[in-house]
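Commentary on secondary and tertiary structure
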Amino acid sequence: EIAVIERDGIINTIIGPDAKRVLWTDAGPWTASIVDIADNPRVAPKLLQRLQKAGKAQLVTMVEVDEGKTALVSIDGRMTERLEAGVAGYWNPGRKIGAKLVDLTRQSLDVTGQEMLTRDKVTLRINISAEYRVVDPLLAVTSVKDFADALYRALQLAFRKTLGALTLDQILENKVTVDVEAADKVRADMALIGVEVSDISLKDVILPG
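Predicted, not measured: the structure shown is a model, and the values here were computed from it.

Basis of the calculations
Residues numbered from 1 in each chain as written. Predicted model: local features only at pLDDT ≥ 70, side-chain atom pairs only at ≥ 80, totals over all residues. Heavy atoms only, no water. Helix = DSSP H or I, 4+ residues; strand = E, 2+ residues; numbered from the N terminus. Expected span 1.5 Å × (residues − 1). Buried < 20%, exposed > 50% of the residue type's maximum accessible area, 1.4 Å probe, protein only. Polar contact = N/O pair within 3.5 Å; in protein donor to acceptor, adjacent residues only side chain to side chain. Pairing = 2+ DSSP bridges. Axes fitted to C-alpha atoms, helices over the stretch in contact; angles between N-to-C directions.

What about helix H3 (residues 147-164)?
Under the 1.5 Å per step criterion, the end-to-end length of H3 is 25 Å for 18 residues, consistent within 8% with the ideal 26 Å. Every buried residue of H3 is accounted for by Phe147, Leu151, Ala154, Leu155, Gln156, Ala158, Phe159, Thr162 and Leu163. Here H3 starts with a cap whose side-chain oxygen sits 3.0 Å from the backbone nitrogen of Ala148, and that cap is Asp146.

Notes on the sheet that holds strand S2 (residues 10-15)
Strand order in the open sheet formed by three strands is S2-S1-S3, and the pairing between neighbours is antiparallel. The outermost strands of the open sheet, each flanked by one partner alone, are S2 and strand S3 (30-35). Strand-to-strand, the axes of this sheet are offset by a mean angle of 25°, without reference to chain direction. In this structure, strand S1 (residues 2-7) lies alongside S2, joined through five bridges in antiparallel fashion. Within the sheet, the bridge partner assigned to Ala3 lies in S2 and is Ile15.

Quick notes on the pairing of strand S5 (residues 69-75)
Here S5 lies mainly inside the structure; six of its seven residues are buried. By the bridge criterion, seven bridges tie S5 to strand S8 (residues 97-103) in an arrangement that is antiparallel. Within S8, the residue paired with Ser74 across the bridge is Gly98.

Distances and angles like these do not, on their own, reveal function.
Structure representation (structure tokens):
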């Protein structure tokens, strides 16, 4: 339990579990509100605002989420809820509060200067560009360690496999077809981890000197 002690309607102090406070009666009037934090670790929004205003939020872990992002909140290592844009507070005595922020806006990723060998043994360097956004934050965070790195590797592997099966002339003649084949593979792989990939393009094919 948490005790919120007020004097004349203003929060004076917060007492955590197994704590005690003795106050002079004549210094009051005092009121004390007991909050059960065992079943409901989240701080009520109005109380959170009052605690912030009074500078008495030492027993609260704040989670701030900007527009275009979401937060996956965990308590003692277990994912509990997803927060939209705004500010939320959680009572932290006796528990560990964690929050993973995930950007939901469309982002770009460039894979530059990747060397590969064509079927006719010509070494090329390629630049790839992709745009993506997270559509399932929980799946994206729990499926892989870093979903952006997973996309980077998926682009590398898909284009190396596709281009490595072609000769240099075929690559230069059928660049659009090559893009589509590799891109479909990347989109399918990333959809499994909650990431939607939109535009994928083979920007540059750099020939050896």
